[in-house]
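Here's the letter readout for the chains.
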Amino acid sequence: TKKVLVIGGVAGGATFASQLRMLDEEAEIIVFEKDGTMSFANCGMPYYLGGFVEKREHLIAATPESFQEKKKIEVRIRHEVIRINRSEKTVTIKDHIKDVTYDESYDKLVYSPGAVPVVPDIKHLDRGNCYSLRSFKDMLKLDEHITKRNYQSVCLVGGGFIGLEMAENMKARGMKVHLVQRSSHVLNLLEPDFSQVLEKELIDHDVDLHLSATVEQINEDRSLKLSDGTEIEADFLLLAVGIKPNKHLAEAAGLSIGITGGVRVNEYMQTDDPDIYAIGDVIESFDFITGKPKQVPLAWVAHREAYVAARHITDDPVAFKGILGTAICKVFEQSAAVVGHSGSSLRKMEIPFETAELTSKQHAGYYPGASSLSLMVHFCPDSGTIYGAQAVGQGADKRIDVISTAINGGLSVLDLQTLEIAYAPPYSAPKDPVNMIGYKAVKKMNKKK
Ligand code: FAD
């Protein structure tokens, strides 16, 4: 039997261990998790903090006991791997419970230690109450402080997915919310017009938006000085300006790091040591469309990579097809979703493209609750290859998922006409916005020779 060790017991690591067990009943599997909680829903943390998820336990999908009992997988929590010893094929572990250090041998090692939040460059950061949100511990600490210290206001630093979700959730908790975003629009992978829809939604819900600004320093009286000269007050700061791969063990073990800063792997998730696999936020993967190196720290990616690694370890390989970066974010009543490349990313890569776009209702206009949905698709005007799409408004999820499926299946933008999409008035129109994009694209295609 194979002995497989896993570093990290959350999205990538726990999923990998489960998948491996499904494919191999015999393997000895041990998961090391440095924190006290395994297999929790990182993605649910903002919603717990906002009170939408009632109990913290609801975010925990499995425990070491349930893994042992149901899957015969051993999970050692509060066990931190501190070194990978490639030549001996062992790892060195610090057991934080007993305060001892020991080695464990492996046949295969799977590395899924996630990422660490980037700390922005703010003068006198130590003067403020600063938090980030990555681990279960982070969430519990913030929750406790909000209550015990009676925080009434927050400055969210960063207008990406986490900053935006936290805006809604901190409002739901009755706070005064400032959101400070360095670039001129929130969620800067969106087209500017689409970001503006989210910005209006934030302002309509009384969020104080500070665009093209950073927090420059925390003043002595703990007020915040922004780079545009504004001074604001906030009881605490949530730092959500991005993450970087938690790659130090891999680096120290001499594994290659890719140009995007993640651990380099092949399409089976093997690092350049064939007995060491890496998955999740820590790796550099590749783009589904261009094949170029790409890093996308999202849950779907970690789950798929976990499966791919498990298949390879059981000698039944299936190659990873690459990442489209399909993602979605809810901002109060609005949703924004993306798949593939934006116009600016295509321009940067100097890939010529055409765009079809429309704004319509997400479902029949006469049915209650009809609201505006905007959809934009970028494609190659010669071949019709779809490069990317974005949508904002209710129903963005359905349209982007359909287009993601179309890209995955190799359909062209004109094929979008032919997709038979479920319709009744509360859901869509006889001709769905996705179909409409297909019809609109005809005019933008280069004439056939
Ligand atoms: P993680 O799930 O972070 O797991 C890594 C684990 O490894 C950690 O528990 C860590 O303690 C442990 N570890 C690290 N080093 C060691 C070591 N040396 N020894 C032992 N253990 C170690 N993605 C989406 O797709 N949709 C969302 O809505 C979404 N929302 C999110 C909201 C928040 C607040 C956060 C933080 C993330 C969100 N994500 C979302 C991203 C998603 O959670 C990650 O992409 C995913 O968790 C990555 O899985 P991973 O296994 O690489 O890392």
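Residues numbered from 1 in each chain as written. Predicted model: local features only at pLDDT ≥ 70, side-chain atom pairs only at ≥ 80, totals over all residues.

**Examining the environment of Ser372**
- Looking at the secondary structure, you find Ser372 in strand β25 (residues 372-379).
- Owing to 13 C-beta atoms within 10 Å, Ser372 belongs among the partly exposed residues under this scheme.
- With 188 residues separating them along the chain, Ser372 and Ser184 place their C-alpha atoms 23 Å apart.
- Leaving out residues up to four positions away in the same chain, Ser372 has contacts with Thr359, Lys361 and Gly393. (Helix = DSSP H or I, 4+ residues; strand = E, 2+ residues; numbered from the N terminus. Buried ≥ 20, exposed ≤ 12 C-beta atoms within 10 Å, placed from the backbone. Contact = placed C-beta atoms within 7 Å.)

**Structural notes on helix α5 (residues 161-172)**
- Relative to the 16 Å expected for 12 residues at 1.5 Å per residue, α5 spans 17 Å between its end C-alpha atoms, a close match to the ideal helical length.
- Of all 12 residues that make up α5, 10 are buried, and the element is covered over most of its length.
- On its buried side, α5 packs onto α2 (45-49), β10 (153-157), β11 (176-180), α6 (192-204), β16 (236-239) and β22 (327-331).
- Among the residues trailing α5, Gly174 stands out with phi positive, at a value near 85 degrees. (Expected span 1.5 Å × (residues − 1).)

**Looking at the confidence of the model for the protein chain**
- In the predicted model, the protein chain carries a mean pLDDT of 97, and the fraction of residues at 70 or more is 100%.
- If you check the scores for this complex, the pTM reads 0.96 and the ipTM reads 0.99. (pLDDT = per-residue confidence, 0-100.)

**Quick look at the site of the ligand**
- Among the 34 residues in the neighbourhood of the ligand, the closest are listed as Gly8, Ala11, Gly12, Gly114 and Gly280.
- Those elements that provide at least two residues to the shell around the ligand are α1 (11-23), β2 (28-33), α2, β4 (79-85) and α8 (299-313).
- When grouped by side-chain class, the residues that make up the shell around the ligand number 18 nonpolar, 10 polar and 6 charged. (Near = placed C-beta within 6 Å. Nonpolar A, V, L, I, M, F, W, Y, C, P; charged D, E, K, R; others polar.)

**Side note on helix α11 (residues 433-442)**
- Listed as buried for α11 are Pro433, Val434, Asn435, Ile437, Gly438 and Ala441.
- In this structure, the buried residues of α11 make contact with β24 (354-361), β25 and α10 (396-408).

**Thoughts on the sheet that holds β10**
- Spatially, the 5 strands line up as an open sheet ordered β9-β16-β10-β11-β12, and their pairing is parallel. In this open sheet, the two edge strands, each paired with only one partner strand, are β9 (130-131) and β12 (208-210).
- As paired strands, β11 and β12 are joined by 3 bridges and run parallel to one another. In the sheet register, His178 faces β12, and the bridge partner there is Asp208.
- On the sheet, α5 packs against β10, β11 and β16 and is oriented at approximately 170 degrees with respect to β11. (Pairing = 2+ DSSP bridges. Axes fitted to C-alpha atoms, helices over the stretch in contact; angles between N-to-C directions.)

**What to know about the nonpolar core**
- Counting residues in each nonpolar core, the largest one holds 119 residues, and the members touching the most others are Leu156 and Ala278.
- Sort the elements by how many residues they give to this core and α8 lands first, with 8 residues.
- Excluding its chain neighbours within four sequence positions, the residues that come into contact with Ala278 are Tyr111, Ala250, Val263, Val265, Met269, Thr271 and Ile283. (Core = buried A, V, L, I, M, F, W, Y, C linked by C-beta atoms within 7 Å.)

**A word on the UniProt feature "domain: Pyridine nucleotide-disulphide oxidoreductase dimerisation" (unreviewed entry) in the protein chain**
- Per the UniProt record, the feature "domain: Pyridine nucleotide-disulphide oxidoreductase dimerisation" (unreviewed entry) sits at residues 328-428.
- Between the C-alpha atoms that bound residues 328-428 there is a distance of 19 Å. The span itself is 19% helix and 34% strand. (UniProt positions renumbered as here; feature names shortened; annotations may be inferred.)

**Re the environment of Ser132**
- Here Ser132 lies in the loop between β9 and α4 (136-148).
- Classification of Ser132 as buried rests on a count of 20 C-beta atoms within 10 Å.
- Between the alpha carbons of Ser132 and Ser344 there is a distance of 29 Å; along the sequence they are 212 residues apart.

**Section: the sheet that holds strand β18 (residues 263-264)**
- Ordered by their spatial adjacency, 3 strands build an open sheet running β18-β20-β21, and the pairing between neighbours is mixed. The two strands at the open ends of the sheet, each matched to only one other strand, are β18 and β21 (293-294).

**Digging into unusual backbone geometry**
- Unusually for a residue other than glycine, Asp99 sits at a positive phi of about 60 degrees.
- For Asp99, the location among the structural elements is in the loop between β5 (90-95) and β6 (100-105).
- Positive phi, close to 50 degrees, is recorded for Ser212, a residue that is not glycine.
- Along the chain, the position of Ser212 falls in the loop between β12 and β13 (215-218).

**A few points about the UniProt feature "domain: FAD/NAD(P)-binding" (unreviewed entry) in the protein chain**
- Within this numbering scheme, the UniProt entry marks residues 2-299 as carrying the feature "domain: FAD/NAD(P)-binding" (unreviewed entry).
- Taken end to end, residues 2-299 is 23% helix and 28% strand, and its first and last C-alpha atoms sit 27 Å apart.

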